[in-house]
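Residue-level structure breakdown
The primary structure of each chain is shown beneath.
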Amino acid sequence: MVMAEDKKTPVTKAASSLLSMTESLATDESTLRQGGGKKGRDRQHRLGRLTARDRLDLLLDNVDTFFELGIWAGYEMYTDIGDITAAGVITGIGDVCGRTCMIIANDATVKAGAMFPQSVKKLLRAQKIAFECRLPIIYLVDSSGVYLPLQDEVFPDEDDFGRIFRNNAIISANGITQIAAIMGNCIAGGGYLPVLCDKLLMTEGSGLYLAGPALVKAAIGQIVDPEELGGARMHAEISGTVDFLEKDDKSCLMKIRSLVDMLPQDPQRSSSHTSFEVEHYPYNLYDIVSGDGKKAYDVHDVLTCIVDRGSLHEYKADYGPTIVTSFAKINGIPVGLVANQRKHGVTGRGEIEIGGVLYAESADKAARFVMDCNQSRIPIIFIQDVFGFMVGKKAEQSGIIRSGAKLVSAVSNSVVPKITIITGNSFGAGNYALCGKAYDPNFIFAWPNAKYAVMGADQAADTLFDVEKRKAERDGHPLDEKEAHKMRKKMQKRYLEQMDIRYGAARGWIDNIIAPHTTREVLTTTLELVLRSPMNKKTFHTGVIQV
């Protein structure tokens, strides 16, 4: 039980199903952090190596402040193979000798650190975030390479394995430090990652090969000792590939810390996370927003739990009531807010508009606001709880497509940092227009109650069922009532499973699921990160916009 400080009233688990969902997900994440379990940890220890989590404990200044990303990656995606926890790779942001760094660590307790399609996707996302925020990257390499049975999903495309090494080269060329440490296996094409980094460390007993002993024998018939082929000492003394030869994991991690300590100091952080007060205690969010997404609420109440007290300055407050645009500050950092309003609104013409739906006026307002933020170089926070754009004859005649296209264009060409928080529904073109994953948010997070889909489950099931019903009738086999009911239920169940935010998190559609009461803290952290990269090098302009 948690005490709400502003009202001095208890917030209990029963107060909101959103709170129950948050607590349940926190428990599940604790399990995910166990990696491959006892068997995998025992294997590492037999080899004289630390686990990936143990390595983070030694590397980071404070592991408790490690900002982990993508922990749900691969969740329930490879059930025929086994649990590929967190896609077998840990990514996140933490401090090393006072410098904020991106950490990418293979978890060899999970399938010997083999790289699955989602492992690659997760690693690429971490590289992209580091590039955009100009974060040094530390790679802790311990991987058996690509998972060969899925090689066709890992190998050739622009967002597959080879893109990692292309990124290594681009990141280095842009002056962002990359340090790699091989503390186990590094086999086949994966060997390019550490060698393309600025500094390369390797522990005794580790192996770096383009082809391991078995493949060498199969390819050219040569029988060779693993150490002579690709051992740490060979690479340090003969090939000259390794910059620092280290005795063991602990020694290697201490050397990394020493090397990071040579880097320039981080830019001065803008503020302490506790320097400014909010209007309402963040735990009130559990009373404002429901877990099922059906409850109407005033998004202003949500914002007062996130932004600095008294800092909201609403833009076009009396126009386009189903979206709220406002300037504000979060721990002293100026931001622009674009947030769906979930309570019904009344236009200046006296017409009622449905909460959570985008109308032509709200899209026009949001587009102008996004352009204004770019003009003023102010980061934008998108808070999504959207059913989509309004449909129907009146909506079409109002120019809803034209207005929506205007907003999509403004968001697509935006050059200021963009952070998206999904606090409820994220359906259809509403997801696109309010900076969904396809529109390059610097970070994108979701609450545990979030739902990600083209449309709601009931609408989707009805649409799909209607298509199948008409097809059956055309084929001369109309469905009887019992069969029809069963088919519709099956479609609805499948759609509900895909709407679950864990489904989207597994596929990398969001960076993490966050507890609602931590939203302000997460935004403060990520704003400080995105503001490391200067905005004045980019110019904002759009193409042709219909007005």
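Residues numbered from 1 in each chain as written. Predicted model: local features only at pLDDT ≥ 70, side-chain atom pairs only at ≥ 80, totals over all residues. Heavy atoms only, no water.

Helix and strand counts for the protein chain stand at 21 helices and 22 strands. Rg of the C-alpha trace for the protein chain: 25 Å, near the compact-globule value of 24 Å for 547 residues, within the 12% margin. Overall, the protein chain is about 80 × 65 × 55 Å in size when its C-alpha atoms are taken along their principal axes. Within the protein chain, counting contacts between residues at least 6 apart in sequence, those at least 24 apart form 74% of the total. Carbon and sulfur atoms make up 53% of the accessible area of the protein chain, which amounts to about 25100 Å² in all. Mean positive and mean negative side-chain charge positions of the protein chain (64 and 67 charges, respectively) differ by 2 Å. (Helix = DSSP H or I, 4+ residues; strand = E, 2+ residues; numbered from the N terminus. Rg over C-alpha atoms; globule rule 2.2 N^0.38 Å. Contact = heavy atoms within 4.5 Å. Areas by Shrake-Rupley, 256 points an atom, 1.4 Å probe, with all protein chains shown as cover. Lys, Arg positive; Asp, Glu negative; His and termini not counted. Charge placed at Lys NZ, Arg CZ, Asp CG, Glu CD.)

Residues Ile93, Met102, Ile164, Val302 and Phe443 are the most contacted members of the largest nonpolar core, which totals 70 residues. In terms of residue count, helix 4 (residues 117–133) provides more of this core than any other element does, 7 residues in total. Contact partners of Val302, with chain neighbours within four places excluded, come to Leu285, Ile288, Val289, Tyr297 and Trp447. Residues Tyr315, Ile400, Leu434 and Tyr439 belong to the second largest nonpolar core, which totals 27 residues. (Core = buried A, V, L, I, M, F, W, Y, C linked by side-chain atoms within 4.5 Å. Buried < 20%, exposed > 50% of the residue type's maximum accessible area, 1.4 Å probe, protein only.)

Here helix 4 crosses helix 6 (residues 161–173) at 15 degrees, and the two axes come no closer than 9 Å. The orientation of helix 4 relative to helix 6 falls into the category roughly parallel. Between helix 4 and helix 6 lies a crossing whose hand is left-handed. Contacts between helix 4 and helix 6 involve Val120, Leu123, Leu124, Gln127 and Phe131 from the former and Phe161, Arg163, Ile164, Asn167, Asn168, Ile170 and Ile171 from the latter. Across the contact of helix 4 with helix 6, the residue classes tally to 8 nonpolar, 3 polar and 1 charged. (Axes fitted to C-alpha atoms, helices over the stretch in contact; angles between N-to-C directions. Parallel < 35°, antiparallel > 145°, perpendicular 65-115°, else oblique. Left-handed = near helix turned anticlockwise from the far one by under 90°. Nonpolar A, V, L, I, M, F, W, Y, C, P; charged D, E, K, R; others polar.)

Relative to the assigned elements, Asp249 resides in helix 11 (residues 249–260). Within the structure, Asp249 has its side chain in polar contact with the backbone nitrogen of Leu50 (distance 2.9 Å). Excluding residues that lie within four positions of it along the chain, Asp249 makes contacts with Arg49, Leu50, Arg55, Met183 and Thr203. (Polar contact = N/O pair within 3.5 Å; in protein donor to acceptor, adjacent residues only side chain to side chain.)

Our next topic: a nonpolar patch on the surface. Residues Tyr192, Leu196 and Leu210 make up a contiguous nonpolar surface patch of about 300 Å² in total accessible area. Looking at the element boundaries, Leu196 is found in the loop between helix 7 (192–195) and strand 8 (199–203). Judged by its relative accessible area of 32%, Leu196 falls in the partly exposed class. (Patch = residues over 30% accessible without salt bridge, like charges linked within 9 Å, V, L, I, M, F, W, Y side chains within 5 Å. Salt bridge = Lys/Arg side-chain N within 4 Å of Asp/Glu carboxyl O.)

Scored by pLDDT, the protein chain has a mean of 90; 93% of the residues are at 70 or more. Below pLDDT 50 for its whole length, residues 1–16 participates in 32 contacts with residues either more than four positions away or in separate chains. (pLDDT = per-residue confidence, 0-100.)

This part takes up the packing of aromatic side chains. This model, assessed by the stated rule, comprises 16 aromatic pairs. Ring plane angle 40 degrees and centroid distance 6.1 Å describe the contact between Tyr432 and Tyr439, whose orientation is recorded as tilted. Note on Tyr503 and Trp509: the rings are 5.9 Å apart at their centroids and 65 degrees apart in plane angle, and the pair reads as edge-to-face. According to the relative accessible area criterion, Tyr503 is partly exposed, its value standing at 26%. Taking the relative accessible area as the measure of exposure, Trp509 reaches 29% and is therefore partly exposed. An aromatic cluster is defined as three or more aromatic residues linked by ring pairs; in this entry it consists of Phe67, Phe443 and Phe445. (Phe/Tyr/Trp six-rings, centres within 6.5 Å; stacked < 30°, edge-to-face > 60°.)

Attention shifts here to the pairing of strand 20 (residues 443–446). Alternating positions in strand 20 separate into two faces, Phe443 and Phe445 on one and Ile444 and Ala446 on the other, with burial throughout. For the handedness criterion, the β-α-β arrangement of strand 19 (residues 418–427), helix 17 (residues 428–433) and strand 20 is classed as right-handed. When strand 20 meets strand 22 (residues 512–513), the two strands line up parallel, connected through 2 bridges. Residue pairing across strands places Phe445 opposite Asn512, the latter belonging to strand 22. (Right-handed = clockwise from strand over helix to strand, strands pointing away. Pairing = 2+ DSSP bridges.)

With that settled, the discussion passes to helix 11. In a regular helix each residue adds 1.5 Å, so 12 residues correspond to 16 Å; helix 11 covers 17 Å between its end C-alpha atoms and thus fits that length. What helix 11 keeps buried is the set Asp249, Cys252, Leu253, Ile256, Arg257, Leu259 and Val260. All buried residues of helix 11 lie within an arc of 165 degrees about the axis, which places them on one face of the element. (Expected span 1.5 Å × (residues − 1). Arc of directions from axis to C-beta.)

Let's shift gears to the pattern of salt bridges. What the rule picks out here adds up to 23 salt bridges. Here Lys343 and Asp298 are joined by a salt bridge, their closest N and O atoms 3.4 Å apart. Here the residue Lys343 occupies a position in the loop between strand 13 (333–340) and strand 14 (345–346), and Asp298 occupies one in the loop between helix 12 (285–288) and helix 13 (299–303), the gap between them amounting to 45 residues. Note on Lys343: relative accessible area 39%, which makes it partly exposed. Owing to a relative accessible area of 19%, Asp298 belongs among the buried residues under this scheme. In the salt-bridge network here, residues are joined through shared partners; they are Glu29, Arg33, Arg53 and Glu68.

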